[in-house]
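One letter stands for each residue in the lines below.
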Amino acid sequence: DTGVSQDPRHKITKRGQNVTFRCDPISEHNRLYWYRQTLGQGPEFLTYFQNEAQLEKSRLLSDRFSAERPKGSFSTLEIQRTEQGDSAMYLCASSPPGGPPLHFGNGTRLTVT
Amino acid sequence: ELKVEQNPLFLSMQEGKNYTIYCNYSTTSDRLYWYRQDPGKSLESLFVLLSNGAVKQEGRLMASLDTKARLSTLHITAAVHDLSATYFCAVGGAQKLVFGQGTRLTINP
């Protein structure tokens, strides 16, 4: 069990640029989640995959956000035309077929300047 | 829409004292989770509570669940500095979890 891996750990980008984050879940976990956490707040749900199917998306996820999990293994989260309000920690988590508890990665901290 | 509220949001306490963190949620659920987060780090799973009346203990921490009252508590006994962290409760079923705002716990010598 190597844990949930996220890359990069930190990303600084200028407003208007596109960014993409990667998440590698625990290998035997078929469920994968993306959350966003801002300073002093709890994680907010963004989206959830079961295998390669994206089963739920939060209303927080604007059209500028897209997530994929093409082969049911790793996942990517892309943010297009970044805005300063996108600055946050983006957390990926995975769980086995039975569902939570979620196992979180170390997150990608995004700073939009 | 499920809402999860924790209180207090900030807690400063002395070593050796006891205290309780409360987690209330708005809709019926029989699964509740407690996580710990250290500054700059990710979330670590502490407890999984899966039924009414469930009680779990690990060291100086004990968590309980009352599904009828939609309330979970995290009790800290004889606090030590190493327990300083932010604690989150989260509620949900087999799919996504909804997190509370977190309780930032500081334990002073």
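What comes next concerns the included structure.

**Observations regarding the sheet that holds strand β7 (residues 61-66) of chain B**
As a general point, the strands of a sheet are linked pairwise by backbone hydrogen bonds and lie either parallel or antiparallel.
All names here are of chain B.
(1) Moving on: If you trace the 5 strands from one edge of the open sheet to the other, you get β1-β3-β8-β7-β6, paired in antiparallel fashion. For this open sheet the edge positions go to β1 (4-7) and β6 (55-58), each flanked by a neighbour on one side alone. Sheet twist, expressed as the mean angle between neighbouring strand axes with direction ignored, is 15°.
(2) Moving on: Sheet topology places strand β3 (residues 19-25) next to strand β8 (residues 71-76); 6 bridges connect them, and they run antiparallel. Each bridged residue has a counterpart across the sheet, and for N24 the counterpart in β8 is L71.

**Regarding the packing of aromatic side chains**
(1) Moving on: Taken as a whole, this structure holds 9 aromatic pairs over all chains when the rule is applied.
(2) Moving on: Measuring from centroid to centroid gives 5.5 Å for Y35(A) and F99(B), while their planes differ by 85°, and the two rings are edge-to-face. Of this pair, Y35(A) sits in strand β4 (residues 31-37) while F99(B) sits in strand β10 (residues 97-99), each in a different chain. For the pair Y35(A) and F99(B), one class covers both residues: buried.
(3) Moving on: On the numbers, 6.0 Å between centres and 70° between planes, the contact of F104(A) with F99(B) is edge-to-face.

**Section: the pairing of strand β8 (residues 75-79) of chain A**
Residues and elements named next belong to chain A.
(1) Moving on: Covered by surrounding structure in β8 are S75, L77 and I79 only, the residues T76 and E78 on the alternate face being uncovered.
(2) Moving on: In the sheet, strand β3 (residues 19-24) pairs with β8 via 5 bridges, with the strands oriented antiparallel. Bridge pairing in β8 places T20 opposite E78.
(3) Moving on: In this sheet, β8 lies alongside strand β7 (residues 65-68) in antiparallel orientation, the contact comprising 4 bridges. When the bridges of β8 are listed, E68 appears paired with T76.
(4) Moving on: Counting the residues that bridge the hairpin from β7 to β8 gives 6 residues, and of these G72 lies at a positive phi of roughly 75°.

Conventions and cut-offs
Residues numbered from 1 in each chain as written. Chains lettered and ligands numbered in written order. Predicted model: local features only at pLDDT ≥ 70, side-chain atom pairs only at ≥ 80, totals over all residues. Heavy atoms only, no water. Pairing = 2+ DSSP bridges. Helix = DSSP H or I, 4+ residues; strand = E, 2+ residues; numbered from the N terminus. Axes fitted to C-alpha atoms, helices over the stretch in contact; angles between N-to-C directions. Phe/Tyr/Trp six-rings, centres within 6.5 Å; stacked < 30°, edge-to-face > 60°. Buried < 20%, exposed > 50% of the residue type's maximum accessible area, 1.4 Å probe, protein only.

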